[in-house]
Amino acid sequence: MALFERDTNIYTDRDALREDYQPEELVGRSDELDTYQAALQPVINGEQPDNIFLYGKTGVGKTAASRYLLAHLREDAAQFDDIDLTVAMLNCDGLTSSYQVATRLVNEFRDETNQISTTGYPRASVYEMLWSEFEEAAGTILVVLDEVDHLEDDSILYQLPRARANGNLETAKIGIIGISNDFSFRDDLSPKVRSSLCEQEIHFPAYDANDLRQILSQRANVAFHDGVLADEVIPLCAAYGAKDAGDARQSLDLLMSAGDMAREAGTETVTADHVEAGRDELERGRIQEGIGGLTEHGHLVLYALVTLDLEGDTPVRSRDVRPRYTRFAELANRDPLVPRRMRDHLSELAMLGIISVTERNEGRRGGTYREYALDLDPALVLSALEETVESVGIHDSVMDFVDIDPREVVNDGENATLTEY
């Protein structure tokens, strides 16, 4: 008997639930697609392409829309003898400089035997190689920079649009498509870059529950056997996705997790119970990943906020987090950070979705300030903070959330510390 056998009771094509699956039609984004298509129209007309920037939170369809329309643009452009279209798509996650982007672009246009190193060349030499590759490719070249907000310098966004005006290119026509999760990214660009780009902006709002139901139903029709999903599964996954910032990626992950739970259990139907179990597993994994990437002081700031949250003292200002954080840092034998650096860690926690932040404005006298609160299950957060809790000690407020023998706890008023017996 084979140790591994194919299990086809639940799925017909599980890969249809993955992020990189490209459906034949995109649903829930008709207005954005119409605007995006119009912005790409100059390519088909043989004109200089417009620069286009897409803005929106993670999982709202920016990259999927780009892949969908650019695939159709390639097919349609191939019908015209006077259009030679090349699309170079880079994800800037892990790339922090324009120099790195330029070297990656050079390598996109070269075969594997002629690649260049990402370090060691003068910047001017890298750009000369890039212009040479563009000229050899000729025609229209669309450079797609996904997660462009990761770049810490914006010179590439100045060089590419001005390449023809500066005499670096004669025949090739360059267009940039930037994709960003940061709505304020454009505001941080230098004035000369903003002037050179003259880009069209397309904003992708969060999906609502109806949009997510359409997306999930479309993928489910491909992914699952008929009748496998209980009626409540897709609405429940969509409701959770809408609650989680309208993120289609998270909704699809949840639907896949529920399907996997049902397959592992050997059932023939995916139910709401599988969705709930899948959500718990995904949440635990996301929390572990997010918290695992924090620094030691990030863990201490979070532990301080968790204890304040469990005591009912949140939302709380950073100045009220600081005494608890300072005490925890001292117990962990670490020098506390200055207030500004501690606030940086609060901002990072908010960006990761671990805590929530609310802007308050109390007018001329009270001024503007931020309040913070825990945005996740404290038990899951404390599980991910196990090492920090051990180094600092068990605070009274978290006693019900940690698995520890009460005989090993000594309460000193501010916190209860572990002792060795």
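Counting restarts for each chain, with residues numbered from 1 along the sequence as it is written. Only residues with pLDDT of 70 or above have their local features reported here, since the model is predicted, and side-chain atom pairs are shown and tallied only from 80 upward, although totals for entire chains, interfaces and linings are computed over all residues. Excluded from the side-chain calculations are hydrogens and water; all other atoms, namely the structure's heavy atoms, are used.

1. Observations regarding the sheet that holds strand β3 (residues 140–146)
Counted only if it meets this: For two strands to pair, DSSP has to find at least two bridges joining them. In this description a helix means any DSSP run of H or I spanning at least four residues, a strand means any run of E spanning at least two, and both kinds are numbered starting from the N terminus. An axis is simply a line fitted to the C-alpha atoms; with a helix, the fit covers only the stretch in contact. Between two such axes, the angle follows the N-to-C directions and lies from 0 to 180 degrees. Here, residues are in contact when the closest pair of their heavy atoms is within 4.5 Å.
On the basis of which strands lie adjacent, the open sheet formed by five strands has the order β2-β3-β4-β1-β5 and parallel pairing. Of all the strands in the sheet, just β2 (85–91) and β5 (200–203) have a single pairing partner and so form its edges. Neighbour-to-neighbour, the strand axes of this sheet turn through a mean angle of 15°, independent of strand direction. Docked against the sheet, helix α1 (residues 30–44) engages β1 (52–55), β2, β3, β4 (173–180) and β5, running at close to 155° with respect to β5. Where helix α2 (residues 62–77) meets the sheet, it contacts β1, β2, β3 and β4, and its direction lies at approximately 160° from that of β2.

2. Some words on the packing of aromatic side chains
To be explicit about the condition: Note on aromatic pairs: the rings of Phe, Tyr and Trp (six-membered ring only in Trp) are paired at centre separations within 6.5 Å, and the planes decide the class, stacked below 30 degrees, edge-to-face beyond 60, tilted for the rest. Relative accessibility decides the category of a residue: with a 1.4 Å probe and only protein chains considered, values under 20% of the type maximum give buried, values over 50% give exposed, and everything between is partly exposed. Distance and angle both matter: a charge sits over a ring if NZ of Lys or CZ of Arg is within 6 Å of the ring centre and within 35 degrees of the ring normal.
The full count for this structure, using the stated rule, is seven aromatic pairs. Plain terms: the ring middles of Phe-109 and Phe-134 are 5.3 Å apart, the flat faces sit at 70° to each other, and that makes the pair edge-to-face. Highlighted residues: Phe-109 in the loop between α3 (98–108) and α4 (123–137) and Phe-134 in helix α4, separated in sequence by 25 residues. As far as burial versus exposure is concerned, Phe-109 and Phe-134 are alike and both buried. Here the aromatic cluster, defined as three or more aromatic residues joined through ring pairs, consists of Phe-109, Tyr-127, Trp-131 and Phe-134. Cation over ring: Arg-29 sits above Tyr-207, and NZ or CZ is 4.0 Å from the ring centre. Over the face of the ring belonging to Tyr-158 we find Lys-192, whose NZ or CZ atom lies 4.5 Å from the ring centre.

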